[in-house]
Amino acid sequence: MDIFQALEEAAAYLTIPKPDQPTVGLILGTGLGGVAELCSVKSEILYEKIPHFPKPTVEGHKGSLIFGAFEGTNIIAMQGRFHYYEGLPLSLVTFPVRLMRRLGAEYLVISSAAGGLNPAFRPGGLMIIVDHLNLMGDNPLRGVTDPRLGDRFPDLSAPYNFEMTQFAKESAAKLGHTLHEGVYAAVSGPSLETRAETRMLRMLGADAVGMSTVPEVIVANQVGLKTLAIAAITNVNIPEAPEAVTLQQVIDNAKLAEAALQSIISDVLRKIAEKYV
């Protein structure tokens, strides 16, 4: 796929008037699609109608692109994302991030569901991602050489925007929500981790593990999006006392975190609007 040409075709299909072009992009993970309710919706488009967008195959991912506004800030939100484990190349998994930037977004807020590795975490809690480990065995920039898409070797010494991270911390403190900080390990999935893999991830310094987010963050940095990422902790992996977990439990526990996540993101968006828009 010629990514640049595909971006042009997708953008042409969406035909967003200049006054409605988004400033902030939102990616909403498993069980977290309700966060989109924080904005007034102007239009909603199913992924399958957008050129080069696949249809999500994972429960808990609605599969629609929303254009709206929050207190005067234009928003583009993904209700559901694409995953490497669905058999998609990472260039397609991260295509919506490039499209957000192509449509005018300058900021990106990502939410995802993740398994906790830090024994201090509890299901339904929140972790702001301050760094990551890419253990997927692939990279969305692999093979991409088109200079129109950005630097082939983007610096990732600080992939998560410091100021937006501070915004989120301040918002959580003000609202009375506990917001842990930690390192997110991205694995390919879809099988969950064994006890040995859990021990390995903890030894590597990971506080949570998931099957998304990192490819999106890599591309966001390549295209210049200032990025904030928050993970909803859906279960806690204790190698010495493992417990089986189902997708429904992941969705249910993600929803336990949704109200707090929504209030934090709302306040972050207010801060962005006050300072930059």
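We now turn to the structure provided with this report. All values reported here derive from a predicted model rather than from experimental measurement.

1. Digging into the overall build of the protein chain
The helix and strand tally for the protein chain stands at seven helices and nine strands. In terms of C-alpha radius of gyration, the protein chain reaches 18 Å, essentially the compact-globule figure of 19 Å for 277 residues. Referenced to the eigenvectors of the C-alpha coordinate spread, the extents of the protein chain come out at roughly 55 × 45 × 35 Å. Out of the 277 residues belonging to the protein chain, those deemed buried represent 55%. When contacts within the protein chain are restricted to residue pairs at least 6 apart in sequence, long-range pairs at least 24 apart make up 84% of them. Working note: accessible area of the protein chain is about 11,800 Å², and carbon and sulfur atoms make up 51% of it.

2. Digging into the packing of aromatic side chains
On inspection of all chains with the given rule, the structure shows four aromatic pairs. Both rings, one in Phe53 and one in Phe82, keep their centres 5.7 Å apart while their planes meet at 80°; by these two values the pair is edge-to-face. Of this pair, Phe53 sits in the loop between strand S2 (40–46) and strand S3 (64–70) while Phe82 sits in the loop between strand S4 (73–79) and helix H2 (90–93), placing them 29 residues apart in sequence. Across the pair, exposure class does not vary: Phe53 and Phe82 are buried alike.

3. So, the pairing of S4
The element S4 is extensively covered by neighbouring structure, given that seven of its seven residues are classed as buried. Residues Thr73, Ile75, Ala77 and Gln79 of S4 are buried on one face, and the alternating residues Asn74, Ile76 and Met78, pointing to the opposite face, are buried as well. The pairing of strand S1 (residues 24–28) with S4 spans five bridges and is parallel. Bridge pairing links Ile27 to Met78 in S4. Bridge analysis of S3 against S4 gives seven bridges, and the strand direction is antiparallel. When the sheet's bridge partners are listed, Ala69 is paired in S4 with Asn74. Hairpin geometry of S3 and S4 is characterised by an intervening segment of two residues between the two adjacent antiparallel strands and by a positive phi of about 50° at Glu71.

4. Let's talk about the side chain of Gln222
Mapping Gln222 onto the fold places it in helix H6 (residues 214–223). Excluding residues within four positions of it along the chain, Gln222 makes contact with Arg98, Leu141, Leu149, Gly150, Asp151, Arg152 and Pro154.

5. Re helix H3 (residues 95–102)
Because an α-helix packs 3.6 residues into every turn, residues spaced three or four apart end up facing the same way. A large share of H3 lies buried, amounting to six of its eight residues. Every buried residue belonging to H3 is among Phe95, Pro96, Val97, Arg98, Leu99 and Met100, and all of these are buried. Buried residues along H3 sit against helix H1 (3–14), S1, S4, H2, strand S5 (107–116) and H6.

6. Examining the packing of H3 against H6
The interhelical angle for the contact between H3 and H6, taken along N-to-C directions, is 30°, at an axis separation of 9 Å. One element, H3, and the other, H6, form an angle in the roughly parallel class. Considering only the axes of H3 and H6, their crossing is right-handed. Across from Val97, Arg98 and Arg101 in H3, the residues of H6 making contact are Glu216, Val219, Ala220, Gln222 and Val223. Here the residues of the contact of H3 with H6 sort into four nonpolar, one polar and three charged.

So, how was this worked out
Residues numbered from 1 in each chain as written. Predicted model: local features only at pLDDT ≥ 70, side-chain atom pairs only at ≥ 80, totals over all residues. Heavy atoms only, no water. Helix = DSSP H or I, 4+ residues; strand = E, 2+ residues; numbered from the N terminus. Rg over C-alpha atoms; globule rule 2.2 N^0.38 Å. Buried < 20%, exposed > 50% of the residue type's maximum accessible area, 1.4 Å probe, protein only. Contact = heavy atoms within 4.5 Å. Areas by Shrake-Rupley, 256 points an atom, 1.4 Å probe, with all protein chains shown as cover. Phe/Tyr/Trp six-rings, centres within 6.5 Å; stacked < 30°, edge-to-face > 60°. Pairing = 2+ DSSP bridges. Axes fitted to C-alpha atoms, helices over the stretch in contact; angles between N-to-C directions. Parallel < 35°, antiparallel > 145°, perpendicular 65-115°, else oblique. Left-handed = near helix turned anticlockwise from the far one by under 90°. Nonpolar A, V, L, I, M, F, W, Y, C, P; charged D, E, K, R; others polar.

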